[in-house]
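Here's the letter readout for the chains.
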Amino acid sequence: MTHSSPHANSPSPQRVPVVVIGAGPAGLTVGNILRAASIDCVVLEAESRKFIEQRPRAGVIEEWAVRGLEQRGLAGNLLERAQRHTMCEFRFGGRGHRFPYTELTGHHHFVYPQPLLVTDLVREYADVRGGDIRFGVRDVRLHNTDTDRPSVSYLCPETGRRQLIHCDFVAGCDGARGVTRSALPPERTRIARHDYGIGWLALLAEAPPSSDCVLFGVHPHGFAGHMARSPEVTRYYLQCPPGDDPENWSHERVWTELRQRLAAADAPPLTEGRLLEKRVLDMHDYVVEPMVSGRLFLAGDAAHLTAPIAAKGMNLALHDAFLLGDSLAAHLTKGDDSGLDGYSEACLRRVWDYQEFSQWLSDVYHGTASGDPYRAGTTLARLRRLFASPAAAAAFAEQYLGTAAQF
Ligand code: FAD
C-alpha cells in the first residue's frame, strides 16, 4: 500500500536519488553499483548487520552471476574462496548416476554461502564505497511512488521518530516478506502463484560433505538433497508434508531417512553431525508482473519467488540487481532511459524460464513418491533419458546452469 501523505517528525527530511529497501543480495548489489557510479543512495534494512551476515540460505551461484559480480568489482573473496562444482549426482534405483555438466558444457557452478556473499557486499558498500546503510529500521512506508516526487519514511530504531527521505527512485529489494510489493497498484499488477503442495525439511548439519558433488535422491519415500556449504557444514533437504512440524523430525529420524533416500551401491556412508538448522519450507512460487510502477522498481524475491527446488532464487535476484543498478546509473548519469524502460520485461524472461525449469525438476524429484504409479514411471523415464540421450543431457545442463544465450 502506498501511503500518500508522508508525515515525518524528523527535523530535516533528506534527499537522495535512490532509496533501496532491503539489504539482501539484490539491494546490496544495486547499492554497490550506484556507489561505483558516485550516485548517492540510502539502503534501509529491518534487521541488524550481524543478523543479515549470518542468515543461512543459498549456496549455489551460477557462473554468469559470478562474472556479473566480478565485472562490478564485487567477487574478490568469492573467486578466492568459493568451491567450483563440475557435476551433480542423481541417486535412484539404489545407484548413483553422475551428471558431468562441466564436461558437457565447459561451465560450472560456484558454491559460496549466501551469508558470506552478503558480508562481502555490505563491507564493500558501507566500508569501502562509503554507502549510507541504516539497520534495524521499523515500519517502512512508501509515498507517492506513482509521481516523480516519491519518498520513503521509517521509524528510526534509536529515537523512535519517523524519518523521511525524498528521492527520485525507490528500489524494492525487501524479499518475500517485505512491504514494497504491496505498494504496486492492484489494478495494474498481476501476481501469478503456484503451490507445489510439497514441503521440504531444510537442514544444516555440522558435518563435512559426504560427496564431492551435489546429490539428488529420488526415492519412493520422497526427495532428499545433499549440498556442500563449506568443509565443515552441509545442507540437506528431505521432502515432507507441507506445514509439517520440524519437531516431528528427531535427529535419528532425519539421519535414517537421509541414509535411505540417498543410498547408492558403493557410495561411502553419510557423515553425520549435529543439526544446526531444521525448518520446513512450503514449496511455492509467485511472479509479479510488471515489476515496476511509476518510480518503484522491484528486484529479487520482492518480485518473484522461486522455491529452492532448482536453487535459482539468489541468481535471479542478482540478475535483476545488475539490470536495475546499471539502468538507474545510466538514467541518473547520462539521461539514458532505455534500461529502465525495458527493465521488467528483461527480468521476467529469465524469471519465467527458471520457473518452468523449477516445475519440471519438481516433477522429477517428487514423482516417485507421489503414490501414483503412472507419475513414478514417467519420472524414472525422464531420469534415464538424461543419461541415455545427449540431446536431453545438453538441454538439462543448459537449464541447470542458466547458460541459454537468450531468454
Ligand atoms: P532477501 O535475501 O530476502 O533480502 C531482503 C532483505 O530485506 C532482508 O535482509 C530483509 O531483512 C529485508 N527486509 C524485509 N522487509 C523489510 C522492510 N519492511 N524494511 C526493510 N528491510 C526489509 N537461491 C539460489 O540462487 N541458490 C540456492 O542454492 C538457494 N538456496 C536456498 C535455500 C533456502 C533454504 C532458502 C530459504 C532460499 C534459497 N535460495 C537459493 C533463495 C535465495 O536465498 C533468495 O532468492 C535470495 O535471498 C533473494 O535475495 P533478495 O535480495 O531478493 O531477498
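Quick caveat, the model's predicted, so the values are computed rather than measured. (Residues numbered from 1 in each chain as written. Predicted model: local features only at pLDDT ≥ 70, side-chain atom pairs only at ≥ 80, totals over all residues. Heavy atoms only, no water.)

(A) Broad picture of the overall build of the protein. Tallying secondary structure elements over the protein gives 11 helices and 21 strands in all. Against the compact-globule benchmark of 22 Å for 407 residues, the protein has a radius of gyration of 22 Å, which places it among compact chains. Projecting the C-alpha coordinates of the protein onto the three principal axes gives extents of approximately 70 × 45 × 40 Å. The burial tally for the protein puts 54% of its 407 residues in the buried class. Partitioning the contacts of the protein with sequence separation of at least 6, the portion at a separation of at least 24 is 72%. Element-wise, carbon and sulfur atoms account for 50% of the exposed surface of the protein, whose accessible area totals about 17,200 Å². Separation of charge centres in the protein, based on 43 positive and 48 negative side chains, amounts to 2 Å. (Helix = DSSP H or I, 4+ residues; strand = E, 2+ residues; numbered from the N terminus. Rg over C-alpha atoms; globule rule 2.2 N^0.38 Å. Buried < 20%, exposed > 50% of the residue type's maximum accessible area, 1.4 Å probe, protein only. Contact = heavy atoms within 4.5 Å. Areas by Shrake-Rupley, 256 points an atom, 1.4 Å probe, with all protein chains shown as cover. Lys, Arg positive; Asp, Glu negative; His and termini not counted. Charge placed at Lys NZ, Arg CZ, Asp CG, Glu CD.)

(B) Looking closely at the site of the ligand. Residues in close proximity to the ligand total 36 residues, the closest being E45, R55, R57, Q114 and M314. Between an oxygen atom of the ligand and a main-chain N or O atom of V60, the distance comes to 3.2 Å. In the model, an oxygen atom of the ligand is placed 3.3 Å from a nitrogen or oxygen of the G313 main chain. Compared with its free state, where it exposes 1,000 Å², the ligand has 91% of that area covered by protein. Those elements that provide at least two residues to the shell around the ligand are helix 1 (25–36), strand 17 (234–240), strand 18 (274–289) and helix 8 (313–334). Across the shell around the ligand, the residue classes break down as 18 nonpolar, nine polar and nine charged. (Near = heavy atom within 4 Å. Polar contact = N/O pair within 3.5 Å; in protein donor to acceptor, adjacent residues only side chain to side chain. Nonpolar A, V, L, I, M, F, W, Y, C, P; charged D, E, K, R; others polar.)

(C) Region of interest: the packing of helix 9 (residues 338–366) against helix 11 (residues 390–401). Contact geometry of helix 9 with helix 11 gives a least axis separation of 10 Å together with a crossing angle of 120°. In terms of axis orientation, helix 9 runs oblique to helix 11. Helix 11 is crossed by helix 9, and the crossing has left-handed handedness. Mapping the contact onto sequence places D353, E356, F357, W360 and L361 in helix 9 and F396, Q399 and Y400 in helix 11. Broken down by class, the residue content of the contact of helix 9 with helix 11 amounts to five nonpolar, one polar and two charged. (Axes fitted to C-alpha atoms, helices over the stretch in contact; angles between N-to-C directions. Parallel < 35°, antiparallel > 145°, perpendicular 65-115°, else oblique. Left-handed = near helix turned anticlockwise from the far one by under 90°.)

(D) Focus on the nonpolar core. Grouped together as the largest cluster of nonpolar side chains are 74 residues, with contacts concentrated most on I61, L78, L117 and L324. Considering each element in turn, this core owes the most residues, nine residues, to helix 8. Residues contacting L117, with those up to four places away along its chain left out, are I61, L69, L78, Y112, M314 and L318. (Core = buried A, V, L, I, M, F, W, Y, C linked by side-chain atoms within 4.5 Å.)

(E) Structural detail: the pattern of salt bridges. Evaluated as defined, the whole model comprises 25 salt bridges. Residue E89 is joined to R98 by a salt bridge in which the shortest nitrogen-to-oxygen separation is 2.9 Å. Of the charged contacts in the structure, one is a salt bridge between R235 and E277, with a shortest N-O distance of 3.2 Å. Of the two residues, R235 is situated in strand 17 and E277 in strand 18; the sequence distance between them amounts to 42 residues. Assessed through its relative accessible area of 2%, R235 is described here as buried. A network of salt bridges, in which partner residues are shared, links E89, R91, R98 and D212. (Salt bridge = Lys/Arg side-chain N within 4 Å of Asp/Glu carboxyl O.)

(F) Structural detail: the side chain of H226. Here H226 shows up in strand 16 (residues 224–228). A polar side-chain atom of H226 sits 3.0 Å from the main-chain amide nitrogen of S210. Contact partners of H226, with chain neighbours within four places excluded, come to P209, S210, S211, C213, V214, L215, T234, R235, Y236 and L262.

(G) Main features of the pairing of strand 14 (residues 190–206). One ladder, built from 14 bridges, connects strand 14 with strand 18; its direction is antiparallel. Of the residues in strand 18, the one forming a bridge with L204 is E277. Across seven bridges, strand 14 lies against strand 17 in antiparallel orientation. Bridge pairing in strand 17 links A205 to T234. (Pairing = 2+ DSSP bridges.)

(H) Quick peek at the domain arrangement of the protein. Here the domain parsing of the protein yields domain 1 (14–57 + 113–192 + 285–356) and domain 2 (88–111 + 196–284 + 372–401). The gap between the C-alpha centroids of domain 1 and domain 2 is 32 Å. The interface is formed by 12 residues belonging to domain 1 together with 15 residues belonging to domain 2. Along the contact surface separating domain 1 from domain 2 lie zero salt bridges. If you look at where domain 1 meets domain 2, you find six residue pairs in polar contact (both at pLDDT 80 or more). Its residues placed into classes, the side of domain 1 that touches domain 2 shows six nonpolar, one polar and five charged. (Domains from an automatic or database assignment.)

(I) Structural view of the sheet that holds strand 5 (residues 83–85). Pairing in this open sheet of three strands is antiparallel, and the strands run 4-8-5 from one edge to the other. One side of each edge strand has no neighbouring strand; the edge strands of this open sheet are strand 4 (60–62) and strand 5. Direction aside, neighbouring strands of the sheet carry axes that sit 35° apart on average. Bridge count between strand 4 and strand 8 (residues 109–111): three bridges; the pairing is antiparallel. The residue of strand 8 that forms the bridge with E62 is H109.

(J) Fine view of the packing of helix 10 (residues 373–388) against helix 11. Helix 11 packs onto helix 10 with a crossing angle of 100° between their chain directions and a minimal axis gap of 6 Å. With respect to helix 11, the axis of helix 10 lies roughly perpendicular. Residues R385, L386 and A388 of helix 10 form the contact with helix 11, whose own contacting residues are P390, A392, A393 and F396. Of the residues in the contact of helix 10 with helix 11, the class split is six nonpolar, no polar and one charged.

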